[in-house]
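Listed below, chain by chain, are the residues.
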Amino acid sequence: MRRHRQTPLIITKVWRKALYSMDIGGMRHDYNNKKNLFLEEHIQKKEPFDLFQKWFEQVQRDPRTVEPNAVCLSTCTKDGIPSGRFVLLKGFNKDGFRFFTHYTSRKGQDLVRIEGDVEKLCFDVADTYFKSRPYQSQIGALCSDQSKPIFDRDVLAKKETELRATYKEGEVPRPPFWGGYLLKPHTIEFWQGQTDRIHDRIRFRFPKEGEPDGVLTKQGEDGWIYERLCP
């Protein structure tokens, strides 16, 4: 009997050892081949926003894509500690890229420390977008002091119930700590994977003194220059 009781424990240890030593280094995904390269001559307008729109529309039409506007937002604290999280892109034009969040969240706190790259949108824009959100999304934004610790989920559930009783559809006010940001880019990179791992990378950015040189850096449109990077 003792031997039988020990057997499951031995199996568990063996299974755990196999799990912890799992080798996933051989996982690969095929990308494009040499018949589908991303070359400079394929870019009709030599500025990044037109190309971004074309690529975005292509992804948007792909039925496999659940949220084509999901983006990874990375910021740093004043101490240089990085943080990355996903948000939903809510608009873009030549001025930059727009998204909305709680000003009190970590991403909101970090962003205001980046001078010249990110700025808050005016409250009129935030009000207009907030009114267009579904009722539940409005209630969710109002009941959450995002990223702050709470005792348990019941705290949020209770607050949600109170807010639903207070505000009907069309009556939910925009939280004063919730609004929009405009990311004004100075660098945009486009990446296309190749199965042979010789990937295509073309970067648009604003020029430094003496650029473009016509060799490694080329003159684009609307004040942009572009260059090809090693993969």
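This text follows the structure it describes.
Reference entry: report on the structure contained in this document. (Residues numbered from 1 in each chain as written. Predicted model: local features only at pLDDT ≥ 70, side-chain atom pairs only at ≥ 80, totals over all residues. Heavy atoms only, no water.)

Section: the overall build of the chain
So, point 1. The helix and strand inventory of the chain stands at six helices and ten strands.
So, point 2. Residues classed as buried in the chain amount to 30% of the 231 residues present.
So, point 3. Summarising the internal contacts of the chain: among those between residues at least 6 apart in sequence, 61% fall at separations of at least 24.
So, point 4. About 16,200 Å² of surface is accessible on the chain, with carbon and sulfur atoms providing 54% of the total. (Helix = DSSP H or I, 4+ residues; strand = E, 2+ residues; numbered from the N terminus. Buried < 20%, exposed > 50% of the residue type's maximum accessible area, 1.4 Å probe, protein only. Contact = heavy atoms within 4.5 Å. Areas by Shrake-Rupley, 256 points an atom, 1.4 Å probe, with all protein chains shown as cover.)

Describing helix H4 (residues 123-132)
So, point 1. Turning to H4, its buried residues are Ala126, Tyr129 and Phe130. Buried residues in H4, looked at end-on, bunch into an arc of 105 degrees, giving them a common side. Structural note: H4 exposes Asp124, Thr128, Lys131 and Ser132 on the side pointing more than 90 degrees away from its buried face. (Arc of directions from axis to C-beta.)

A word on the sheet that holds strand E6 (residues 178-183)
So, point 1. A sheet is described by the order of its strands in space; here four strands give the open sequence E3-E4-E6-E5, paired in antiparallel fashion. Of all strands in the sheet, those bounded by a partner on one side alone are strand E3 (91-93) and strand E5 (118-120). If you compare each strand with its neighbour and ignore which way they point, the axes differ by 30 degrees on average.
So, point 2. With six bridges connecting them, strand E4 (residues 96-102) and E6 associate as antiparallel partners. Following the sheet pairing, Phe100 is matched in E6 by Gly180. (Pairing = 2+ DSSP bridges. Axes fitted to C-alpha atoms, helices over the stretch in contact; angles between N-to-C directions.)

Points about the sheet that holds strand E9 (residues 218-219)
So, point 1. As summarised here, the arrangement of the four strands in space is E7-E8-E10-E9, forming an open sheet in which the pairing is antiparallel. Edge positions in the sheet fall to strand E7 (187-192) and E9, since each has one partner strand and no second.
So, point 2. Bridging between E9 and strand E10 (residues 225-228) involves two bridges; their strand directions are antiparallel. For Gln219, the partnering residue across the bridge sits in E10 and is Ile225.
So, point 3. Set on the sheet, helix H2 (residues 48-61) makes contact with E7 and strand E8 (200-205); between it and E7 the angle comes to about 40 degrees.

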